[in-house]
Amino acid sequence: MPKTKPKSSLRPILMIGAGFLLILIVLIWQTLAGNQNTTSPQSPTAPVQAQIPYPEVTRISLADAKAAFDAGSALFLDVRNADSYNSRHVSGALNIELSDLPSRLADLDKSRQIITYCT
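For clarity, every value in this text was computed on a predicted model and none was experimentally measured.

A. Spatial organisation of the overall build of the protein chain. Across its full length, the protein chain holds four helices and three strands. The linear arrangement of helices and strands in the protein chain, starting from the amino end, is α-α-α-β-α-β-β. Buried positions account for 14% of the 119 residues belonging to the protein chain. Of the contacts formed within the protein chain by residues at least 6 apart in sequence, a portion of 44% connects residues at least 24 apart.

As structure tokens, this is what we get:
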């Protein structure tokens, strides 16, 4: 009896093709997702200071603000509107809306460190 060749199966070829298709889809998806970030006004290589609004304003770390709060040595000034302040604020914080601040500077104790916040 002559030997017969086993039937070749298309399954391995289909599996390889599906794998290549999946890789292609992932590469296209990553490329498109990466292009969405190109419209950002801030370059990822820009210095951090340049990305902060009002860079001339001195910043304080969260740890230093917490230490000042714990020691009672700072005045916390919430510059949001009254509704936002009433919904949640730092305990003991004074609320003066940012738009009212120039006319209410006399209300601030300038002998204490003043820590403003708006979030």
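Having seen the structure, we can now continue with the description.
B. Here's a closer look at the sheet that holds strand S1 (residues 74-78). Within the open sheet, the three strands sit side by side as S2-S1-S3. Their pairing is parallel. The sheet is open, and its two borders are formed by strand S2 (94-95) and strand S3 (113-117), each paired with just one other strand. Both S1 and S2 contribute to a ladder of two bridges, which runs parallel. If you follow Leu 77 over to S2, its bridge partner there is Leu 94.

C. View of the nonpolar core. If you look at the biggest cluster of nonpolar residues, it comprises eight residues: Ala 65, Ala 68, Ala 74, Phe 76, Tyr 85, Ala 93, Ile 115 and Tyr 117. Filtering out sequence-adjacent residues up to four positions away, Tyr 117 remains in contact with Phe 76, Leu 77, Asp 78, Val 79, Arg 80, His 89, Val 90 and Ala 93.

D. Expanded view of a nonpolar patch on the surface. On the surface, Leu 21, Leu 24, Ile 25, Ile 28 and Leu 32 cluster together into a nonpolar patch covering about 480 Å² of accessible area. For Leu 21, the location among the structural elements is in helix H1 (residues 11-35).

Here is what the cut-offs are and how they apply
Residues numbered from 1 in each chain as written. Predicted model: local features only at pLDDT ≥ 70, side-chain atom pairs only at ≥ 80, totals over all residues. Heavy atoms only, no water. Helix = DSSP H or I, 4+ residues; strand = E, 2+ residues; numbered from the N terminus. Buried < 20%, exposed > 50% of the residue type's maximum accessible area, 1.4 Å probe, protein only. Contact = heavy atoms within 4.5 Å. Pairing = 2+ DSSP bridges. Core = buried A, V, L, I, M, F, W, Y, C linked by side-chain atoms within 4.5 Å. Patch = residues over 30% accessible without salt bridge, like charges linked within 9 Å, V, L, I, M, F, W, Y side chains within 5 Å. Areas by Shrake-Rupley, 256 points an atom, 1.4 Å probe, with all protein chains shown as cover. Salt bridge = Lys/Arg side-chain N within 4 Å of Asp/Glu carboxyl O.

The values are spatial; any link to function lies outside them.
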